[in-house]
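In case you want the letters, here they are:
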Amino acid sequence: MIWRALATAAAILTAGAVSAQTIVTRSGEHNGFTRLVMRLPGGADWSLTQSGKSATVNIDAPDVEFDTSRVFNLIPRTRLQSLGQNGPGQPLRLQLGCECTVTSYVQEDGYLVVDIRDGGLPPSENQYSVGSSVLPLTPPSSQSGYRFNFSQSAAADARMALEIAAAITGQAAPGQTVKPQDQSAVPDAETAAEEEPPQESVSLPLDGNGFPKDEETAADEAAPGLPETGMLLNMEETERAAVVRESEQRLLQQIGRAANQGLLSVAADGIPEADDTAGLDPLGRSDRPLNPLDHISVTSAIDRETGLMAALSDGSGKPDHCLADRDVAIHNWGNERPFADQLGPLRGALVREFDDVNPASVYALARLYLFFGFGAEARSILTILPPEEQASQEAALLEAMAMMMDGAVLPVNNPFSGQQGCEGHGAFWGALADGTVKKSANTDAMQQAFSKMPTHLRVHLGPRLSQMFAEAGEHHVAEAVLRAVDRTGVEDVPEINLAEAAIAELKGDTEKVAEELTSEVAERTGNAPAALIDLVALSVKERKALSPDVPDLIASYELENRETELGAQLRQAQVASLALMGQFHDAFQELKSLTERDGPKARTAAIEPLMLLLTERADDVTFLQYALVFAGQTTAAEAAPVAVPVARRLLDLGFAEQAESLLTKLSLEPEDETRRLMMAEAALVMDKPHRALVELMGLEGSDANRIRAEALWRNGEYDRAGEYLLAEDEANAAARGFWHSENLEAIEAIEDGEDAQFGAVASVTTQIGETAQDPEGLTPLAHARALVESSEGTRGGITDLLNQVGTGLGDTEESQ
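Numbers given for residues are sequential positions, taken from 1 along each chain in its written order. Under the rules for a predicted model, residues below a pLDDT of 70 receive no local features and side-chain atom pairs below 80 are neither given nor counted, while totals for whole chains, interfaces and linings still include all residues. Hydrogens and water are ignored here; the side-chain numbers use all heavy atoms of the structure.

1. Regarding the overall build of the protein chain
Argument step 1. To qualify as a helix, a DSSP run of H or I must reach at least 4 residues; to qualify as a strand, a run of E must reach at least 2; elements of each kind are numbered from the N terminus. From N to C terminus, the protein chain includes 35 helices and 13 strands.
Argument step 2. Each residue's exposure class comes from its accessible area (1.4 Å probe, protein chains only) as a fraction of the maximum for that residue type: buried when under 20%, exposed when over 50%, partly exposed otherwise. Out of the 816 residues belonging to the protein chain, those deemed buried represent 38%.
Argument step 3. Long-range contacts, defined here as pairs at least 24 residues apart, represent 55% of the contacts in the protein chain between residues at least 6 apart.
Argument step 4. Per element, the accessible surface of the protein chain, about 46500 Å² overall, is 51% carbon and sulfur. When checking whether two residues touch, look at their non-hydrogen atoms; a contact exists if any pair is within 4.5 Å. Accessible areas in this description were obtained via Shrake-Rupley with a 1.4 Å probe; residue shielding takes into account the shown protein chains only.

Right, dumping it as structure tokens:
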């Protein structure tokens, strides 16, 4: 053990020496090959693998970083196209641009040299440092399946260790099976003598009297349980080989688990031949090293969804994690005789002589309690089991069934995890344990198990099962379950209103949903608080009015359940109900108390309906009182569902800066066209046309074009603004823009219409220009006469132009 401790300490020191280092990769171009050179940190182990036109350099250092910034300063991208590292400690990946061979070696000064030479692609060959712990996992292309490449000496030592273990247990050497009937497989004495290498004579130790001990005694005393051998094992290499073997087995377990979960598919030619002596457990229930954490069970959501809580069965085709019907067939645990007649004999048999508890009677009594629907009593009687029995699977199953009988919520990892896909009665109890019907559930098995239950259990569990089917979208099955409950003839069925409400919600009949929830609240049953929460949520969704006494009723139920999870849900419903009643001041006061008691997550859930109703129903003063504070202090999570409607009303009221501040909080959210249009609109209100144009980049549509035209107009780009206005069939506004930009030809191209007052402006302006031209080639008197006439014509044209412009401006302002 001392040498192991020293080896561990040396490994730790070595790892610390090579961590957090940057390896500068240098390059050089030569005739026929490209060379990369890098210094190995502290003699760290390394490996090089090549597969086609890609290669990987792996250095055994946890924080090593490759600096490749200057690699292509001296070499072209012909043989080496690119190289990079995903992160510290990750391998350096080389992407080749030719059919090249990658080789490597280490110089005496500690530099690793990687050469990329011209030539065809070689067979996949792995290279690594001697004694390296960085072992490549990629097999050679000439082999199928997988292999772990370690040195031949290590392989020989590992093989010898296995042969020694086989000899100890009296088995054949690994890879050889010798049948007693098959004498050909056993070499005869002569052959054995010929093949046996000469051995040196072995001196036996002497006993206490000076006589040689016999061989068996000497062997047993020298090394108990080990055969005599004349070879010394390299224990260091043998241990390393064992570690590799263990890593291989763990990797295969993970691959098998992923394949069973459907995360990957294994190629048929890549699977090694099955070993008859050992099977592969996808969850690794065997062949695991001793570990202090072995008593911790870790499962994933995929395991729970697919029911992969164990490997497949022994070939029967049925998963062995499915419970047997006899373990959960509750309809067989009692009969129609009176409860007292069945209870008495079982209670009398609980204790045997010497006050010894009879576990069989305890289990039988717990089952009887469950048959009659008494979950708490069943859990209580299970507590008297002996300690060795309380940890049994039977006790765990009965405990879980008792909790479900009373409507308790089971933890994620429970005895019924993964049972919904099974064929038997376990599918029914698996659905109750999960609280939902999964897509992989066996609904036929659930209905069959439910139909076999006694009448009182169908009445007790039927509505809950129907509600779960409705929530899963199986309304036909949900209705079938309720019909089975109705056939029992029992009038007062608990939770029946919630089940019918769930079916009505699935069909889209909100009136029916509200009616059933109101009935459940009015009956004041144990489910009334949950029904009240659903009723408030429905009223918020449909924007329906609530009864005036609902907030007070919620407050009374919240007082009863203040320290429970239901109490937190009731406080959120209280905020929404006050907002529906228009009592916004009280709603925000209740929101403040909720935040102090339940934290920011509960506030985020409660503030969404409150702000939506405030935006839609509050007067301007009340809205601004809370919306301005909300815009400045809210978080991104709170603003995400309500920012757009709140910012819209802020913009309409002229608070562009606050609207922009609220919308900016959604910068990390996915792009939304409505939000970008509102940001552009807010920028225009704040007289930032350039910013508005930036927000509109890439957006199309009428709204975007109108806002873009206004931004261009404010920038003085009247011609471009006119083009966007013309695209939206606003001819008069477009003509006005063209007129400001003196683009008279564009105005003439616009078709005349009733609202095209600026169309006449172009012709008047053209006439003025023609009239105001200076006459040429005339005598002085004729020239003077022409100037007077041109002046009169120009004066008249200007008068007409002013009249046209005044009319156009007035009409445009009215249209805007």
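2. Focus on the environment of Thr383
Argument step 1. Within the secondary structure layout, Thr383 lies in the loop between α10 (375–382) and α11 (387–390).
Argument step 2. For Thr383, a relative accessible area of 54% puts it in the exposed group.
Argument step 3. Placed 16 residues apart in sequence, Thr383 and Glu399 show a C-alpha to C-alpha distance of 9.8 Å.
Argument step 4. Any pair of N or O atoms that falls within 3.5 Å is considered a polar contact. Within protein, one atom must be able to donate a hydrogen and the other to accept it, and sequence-neighbouring residues count only if both atoms are side-chain atoms. At 2.4 Å, the side chain of Thr383 forms a polar contact with the backbone oxygen of Ser380.

3. Observations regarding the confidence of the model for the protein chain
Do not read the predicted coordinates in detail wherever pLDDT is low.
Argument step 1. Averaged over the protein chain, the pLDDT score is 74; the fraction of residues at 70 or greater is 67%.
Argument step 2. Along the chain, pLDDT gives the predictor's confidence residue by residue, from 0 to 100. Low confidence marks residues 130–150, where pLDDT is under 50. Its contacts with residues over four positions away, or in another chain, come to 53 contacts.
Argument step 3. Per-residue pLDDT stays below 50 along residues 171–233; that stretch engages in 33 contacts with residues further than four places along the chain or on separate chains.

4. Overview of the packing of helix α12 (residues 393–405) against helix α13 (residues 426–434)
Argument step 1. One can describe the packing of α12 onto α13 by two numbers: an axis separation of 10 Å at closest approach and a directional angle of 60°. Overall, the two elements α12 and α13 adopt an arrangement that is oblique. Two packed elements cross with a definite hand, and for α12 against α13 that hand is left-handed. Judged by residue contacts, Met401, Met404 and Met405 of α12 engage Trp429, Leu432 and Ala433 from α13.
Argument step 2. Residues of the contact of α12 with α13, tallied by class, amount to six nonpolar, no polar and no charged. Axis definition: a line fit to C-alpha positions, over the contact stretch in the case of helices; interaxial angles, taken between N-to-C directions, run 0 to 180 degrees. When an angle is under 35 degrees it counts as roughly parallel; over 145 it counts as roughly antiparallel; between 65 and 115 it counts as roughly perpendicular; any other value is oblique. Whether a crossing is left-handed or right-handed is set by the direction in which the near helix is turned from the far one by less than a right angle, anticlockwise for left-handed and clockwise for right-handed. In this count, Pro and Cys sit with the nonpolar residues alongside Ala, Val, Leu, Ile, Met, Phe, Trp and Tyr, while Asp, Glu, Lys and Arg are called charged and the others, Gly among them, polar.

5. Considering the packing of aromatic side chains
Argument step 1. To pair, rings of Phe, Tyr and Trp, with the six-membered ring standing in for Trp, must have centres within 6.5 Å; the planes then decide the type, stacked if under 30 degrees apart, edge-to-face if over 60, and tilted in the middle. All told, the structure shown has eight aromatic pairs when counted by the stated rule.
Argument step 2. Relative to Phe372, the ring of Phe339 has its centre 4.9 Å away and its plane inclined at 75°; by these criteria the two rings are edge-to-face. Pair noted here: Phe339 is in helix α8 (residues 339–348) and Phe372 is in the loop between α9 (359–371) and α10, with a separation of 33 residues, a long-range link.
Argument step 3. One cation-aromatic arrangement involves Arg77 over Phe72; the distance from NZ or CZ to the ring centre is 3.8 Å.
Argument step 4. Above the plane of the ring of Trp333 lies Arg367, whose end atom (NZ or CZ) is 5.5 Å from the centre. We call a charge positioned over a ring when the NZ of a Lys or the CZ of an Arg lies within 6 Å of the ring centre and within 35 degrees of the ring normal.

6. Focus on the pattern of salt bridges
Should their charged atoms come close, side chains of opposite charge can pair.
Argument step 1. Just to be clear on terms, a salt bridge is a Lys or Arg side-chain nitrogen sitting within 4 Å of an Asp or Glu carboxyl oxygen. Counted according to the given criterion, the structure contains 22 salt bridges.
Argument step 2. A salt bridge links Asp115 to Arg117, with the nearest nitrogen and oxygen atoms 3.4 Å apart.
Argument step 3. Across the pair Arg720 and Glu717 runs a salt bridge whose closest N-O atoms are separated by 2.9 Å.
Argument step 4. Where salt bridges share partners, they join Glu558, Arg562, Arg571 and Asp598 into one cluster.

7. Examining the side chain of Gln467
Argument step 1. By the element assignment, Gln467 lies in helix α15 (residues 455–471).
Argument step 2. Gln467 gets classed as buried once you look at its relative accessible area, which sits at 18%.
Argument step 3. Setting aside residues up to four positions removed in sequence, Gln467 forms contacts with Leu498, Ala499 and Ala502.

8. Let's talk about the state of the cysteines
Argument step 1. Only a pair of cysteine sulfur atoms within 2.5 Å qualifies as a disulfide here. One pass over the full model with this rule turns up two disulfides.
Argument step 2. A sulfur-sulfur distance of 1.5 Å marks the disulfide that ties Cys98 to Cys100. The sign of the -100° torsion about the S-S bond sets the Cys98-Cys100 disulfide as left-handed.
Argument step 3. Residue Cys98 is classed as buried on the basis of its relative accessible area, which comes to 16%.
Argument step 4. The disulfide partner of Cys322 is Cys422, and the S-S distance across this bridge is 2.0 Å. Here Cys322 and Cys422 share a disulfide; its torsion about the S-S bond, -85°, makes the bridge left-handed. Taken together, the residues span a long stretch of sequence, with Cys322 in the loop between α6 (301–306) and α7 (325–328) and Cys422 in the loop between α12 and α13 at a distance of 100 residues.

9. Considerations on the sheet that holds strand β9 (residues 100–106)
Argument step 1. Strands were regarded as paired on the criterion that DSSP finds at least two bridges between them. The strand order β2-β3-β10-β9 describes an open sheet built from four strands, whose pairing is antiparallel. Pairing within the sheet leaves two strands with one partner each, and these edge strands are β2 (26–30) and β9. Across this sheet, the average inter-strand angle for adjacent strands is 20°, counted without regard to direction.
Argument step 2. Pairing of strand β3 (residues 33–39) with strand β10 (residues 111–118) involves seven bridges; the strand directions are antiparallel. Across the sheet, Met38 pairs through a bridge with Leu112, a residue of β10.

10. Quick word on unusual backbone geometry
Argument step 1. For Arg543, which is not glycine, the phi dihedral falls at a positive 55°.
Argument step 2. Here Arg543 is to be found in the loop between α19 (528–542) and α20 (550–560).
Argument step 3. Even without glycine at this site, Asp687 takes up a positive phi of about 60°.
Argument step 4. Relative to the helices and strands, Asp687 resides in the loop between α28 (673–685) and α29 (689–695).

11. Describing the pairing of β9
Along any regular strand the residues' side chains alternate between the sheet's two faces.
Argument step 1. In this sheet, β10 lies alongside β9 in antiparallel orientation, the contact comprising seven bridges. Bridging from a neighbouring strand, Thr103 pairs with Asp115 of β10.

12. Thoughts on α28
Argument step 1. Helix span is expected to be 1.5 Å times the residue number reduced by one. With 13 residues, α28 ought to run about 18 Å at 1.5 Å a step, and its terminal C-alpha atoms sit 19 Å apart, in line with that.
Argument step 2. Those residues of α28 that sit buried are Arg675, Arg676, Leu677, Met678, Met679, Ala680, Ala682, Ala683 and Leu684.
Argument step 3. Looking at the packing, one finds that the buried side of α28 touches α26 (643–652), α27 (656–664), α29 and α30 (702–714).
Argument step 4. The distance from a side-chain oxygen at the start of α28 to the backbone nitrogen of Thr674 is 3.2 Å, and the residue carrying that oxygen is Asp672.

13. Regarding the pairing of strand β7 (residues 80–85)
Argument step 1. Where β7 lies against strand β8 (residues 92–96), five bridges are found, and the strand directions are antiparallel. Counterpart to Ser82 in the pairing with β8 is Gln95.

14. Things to note about the side chain of Arg571
Argument step 1. Within the secondary structure layout, Arg571 lies in helix α21 (residues 565–580).
Argument step 2. Only 2.6 Å separates the side chain of Arg571 from the side chain of Glu558, close enough to count as a polar contact.
Argument step 3. Separated by 2.9 Å, the side chains of Arg571 and Asp598 make a polar contact.
Argument step 4. Setting aside residues up to four positions removed in sequence, Arg571 forms contacts with Glu558, Arg562, Leu594, Arg597 and Asp598.

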